[in-house]
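# Architecture at a glance
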Amino acid sequence: MRTLLLTFSCFLLGWAAYSQPAADDPRNTIKEFFMAFHARDTTGMGALMAEGMKLQTMKVSDSVQFEVAEQTRRNFLAGMQHLPDTLRIEERIKSYDLKVDGPMAQVWTPYEFYVNGKFSHCGVNAFQLGKVKGRWKILYLIDTRRKTDCP
């Protein structure tokens, strides 16, 4: 009986450690971010972005060169507010590759980007997240952008 209880207890502890609550999954922060992005909800996006968040883009200028463009959290959100209402933007995330170590997470997301329903570019986002007051927040985002050879 004691062995059975010990085995059952180990099973429950292992299951509890493995089954992280959905609300505690860093991928949910990314999914919420893109829901707000598509709705142009800058308040919703801002709530998911840590203060001082850095955004960078690596644009391929030719087959061997790339340029890195940097943007602040504030400028990104302000730019979103100034997009014309007639412009529809959609970033289609293809998959989520998650790595977590305690209060730090990385989420790698290949994507395709569409403007007014037409393909614009593709690439990969690399999100760095941190646990801030018990909630996953985006600390850093860098992405690649290109028109061909989509991931």
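The coordinates are above.
So, here's what we can say about the structure. (Residues numbered from 1 in each chain as written. Predicted model: local features only at pLDDT ≥ 70, side-chain atom pairs only at ≥ 80, totals over all residues. Heavy atoms only, no water.)

A few words on the layout of surface pockets. The computed volume of the largest pocket comes to approximately 540 Å³. Of all the elements in the fold, those that place two or more residues in the lining of the largest pocket are helix 2 (26–39), strand 1 (49–60), strand 2 (66–72), helix 4 (73–81), strand 3 (89–93), strand 5 (104–115), strand 6 (118–132) and strand 7 (135–145). Among the residues making up the lining of the largest pocket, the classes are represented as 15 nonpolar, 6 polar and 5 charged. (1 Å grid on protein atoms, 1.4 Å probe; cavity = no way out; pocket = protein on both sides within 12 Å on 5 of 7 lines; lining within 4 Å. Points joined across faces, edges and corners; volume = space filled by probe spheres on them. Helix = DSSP H or I, 4+ residues; strand = E, 2+ residues; numbered from the N terminus. Nonpolar A, V, L, I, M, F, W, Y, C, P; charged D, E, K, R; others polar.)

Turning our attention to the environment of L129. Among the secondary structure elements, L129 is positioned in strand 6. For the pair L129 and A50, spaced 79 residues apart in the sequence, the C-alpha separation amounts to 8.7 Å. Every residue in contact with L129, bar those within four places of it in the chain, is listed here: P26, T29, I30, P103, M104, A105, V107, W136, K137, I138 and L139. (Contact = heavy atoms within 4.5 Å.)

Inspection of the sheet shows strand 5 paired to strand 6 by 12 bridges, in the antiparallel sense. In the strand pairing of strand 6, F113 is matched with H121. The hairpin formed by strand 5 and strand 6 contains 2 residues between the paired strands, and N116 there has a positive phi angle of roughly 50°. Judged from the 8 bridges that link them, strand 6 and strand 7 form a sheet pairing that is antiparallel. Within strand 7, the position partnered with V132 by the bridge is R135. Hairpin remark: strand 6 followed by strand 7, antiparallel, with 2 residues in the connecting loop; positive phi at K133, about 50°. (Pairing = 2+ DSSP bridges.)

Structurally, Q56 can be placed in strand 1. Q56 has contacts with V68, A69, E70, Y140, L141, I142 and D143, leaving out every residue within four places of it along the chain.

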